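# Results of the structural survey
Given next are the chains, with one letter for each unit.
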Amino acid sequence: EEVWQQASPLTSREVAELDAYAAQRGISLVANQNCFGHLERWLKHPRYAPLAETTTWTGWGKQFDYAFSLAPGDPGSIALIEGLLGQLLVCFRTPLVNIGCDETLDIGQGRSKADVERRGRAEVYLEFVAKVCAIARSHHFRPAFWADIALEHPEALAQLPKDVIALAWGYEADSPFARWCEQLRGVGR
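In short, a report on the structure.

## Considerations on the overall build of the protein
Along the backbone of the protein there are 7 helices and 6 strands. The order of helices and strands in the protein, counted from the N terminus, is α-β-α-β-β-α-β-α-α-β-α-β-α. Radius of gyration (C-alpha) of the protein: 17 Å, near the 16 Å computed for a compact globule of 189 residues. In the protein, buried positions account for 46% of the 189 residues. For the protein, the accessible area works out to roughly 10000 Å², and carbon and sulfur atoms hold 54% of it. Looking at charge distribution, the protein has the averaged site of its 19 positive side-chain charges lying 4 Å from that of its 24 negative ones.

Below, the structure is given as structure tokens:
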């Protein structure tokens, strides 16, 4: 509740109504929940702050002073995602969920630094994504995720879970979509 108090949330009843409305019109409404990065709305609260990777990080040529991503090695991070997806997915009939996992530039800059130095950023990142995918599957949902971080490590793309849908995206018109799609096709995604 403390996360959505100052926001404009939809209730589970409203989501179910929207899902039914969409279904009546032949539209599949797909669940979307950030499950790794973009969690600053949660991580700014004392209850969730201990799950943060770091509160000071650099990315996009700037320094940021707020928590952004979950610490991938903290069991509480997975427990939070289990709770979030458990609450969300019961509201949807289309068995597909976008788990986000994009722009986690802070991974390796805080609590996971030693693990990233030992095993590599791609390994730490993909291991956490695989755990989130397993949670989605436990609810009988197929996971999709934003593949920007995975595409930075083409040598590791084959480690993606077989059923995950990798979503290529870019902000700029000259984003190399053809190359990204070829990389993903090359590993059967």
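What follows continues from the structure just given.
## So, the environment of serine 12
With respect to the element layout, serine 12 can be found in helix α1 (residues 12–24). Along the chain, serine 12 and glycine 100 lie 88 residues apart, while their C-alpha atoms are 20 Å from each other.

## Digging into the layout of surface pockets
To find the voids left in a structure, one rolls a probe of water-molecule size over its atoms. One number sums up the size of the largest pocket: a volume of about 960 Å³. Considering the residues around the largest pocket, the lining is formed by 28 residues, among which Trp4, Pro9, Leu10, Gln33 and Trp42 are closest to the centre. Elements represented by at least two residues in the lining of the largest pocket include exactly α1, α2 (40–43) and α3 (75–89). If you tally residues by element for the lining of the largest pocket, the top one is α3, at 6 residues. The residue inventory of the lining of the largest pocket, partitioned by class, reads 16 nonpolar, 9 polar and 3 charged. Put simply, the second largest pocket is a space of about 260 Å³. Lining of the second largest pocket is provided by 14 residues; of these, Asp148, Glu152, Trp169, Gly170 and Trp180 occupy positions nearest its centre. For the lining of the second largest pocket, the leading source of residues is helix α6 (residues 148–151), giving 3 residues.

## Let's talk about the packing of aromatic side chains
Applying the stated rule across the entire model yields 12 aromatic pairs. Centroid distance tryptophan 57 to phenylalanine 68: 5.1 Å. Interplanar angle 35°. Geometry classified as tilted. Of this pair, tryptophan 57 sits in strand β2 (residues 57–59) while phenylalanine 68 sits in the loop between β3 (62–64) and α3, and the two are 11 residues apart along the sequence. With relative accessibility at 1%, the residue tryptophan 57 sits in the buried group. A residue is classified by how much of its surface remains accessible, and phenylalanine 68, at 2% relative accessible area, is buried. Following the ring pairs from residue to residue traces out a cluster consisting of Trp57, Trp60, Phe64, Tyr66 and Phe68.

Cut-offs applied
Residues numbered from 1 in each chain as written. Predicted model: local features only at pLDDT ≥ 70, side-chain atom pairs only at ≥ 80, totals over all residues. Heavy atoms only, no water. Helix = DSSP H or I, 4+ residues; strand = E, 2+ residues; numbered from the N terminus. Rg over C-alpha atoms; globule rule 2.2 N^0.38 Å. Buried < 20%, exposed > 50% of the residue type's maximum accessible area, 1.4 Å probe, protein only. Areas by Shrake-Rupley, 256 points an atom, 1.4 Å probe, with all protein chains shown as cover. Lys, Arg positive; Asp, Glu negative; His and termini not counted. Charge placed at Lys NZ, Arg CZ, Asp CG, Glu CD. 1 Å grid on protein atoms, 1.4 Å probe; cavity = no way out; pocket = protein on both sides within 12 Å on 5 of 7 lines; lining within 4 Å. Points joined across faces, edges and corners; volume = space filled by probe spheres on them. Nonpolar A, V, L, I, M, F, W, Y, C, P; charged D, E, K, R; others polar. Phe/Tyr/Trp six-rings, centres within 6.5 Å; stacked < 30°, edge-to-face > 60°.

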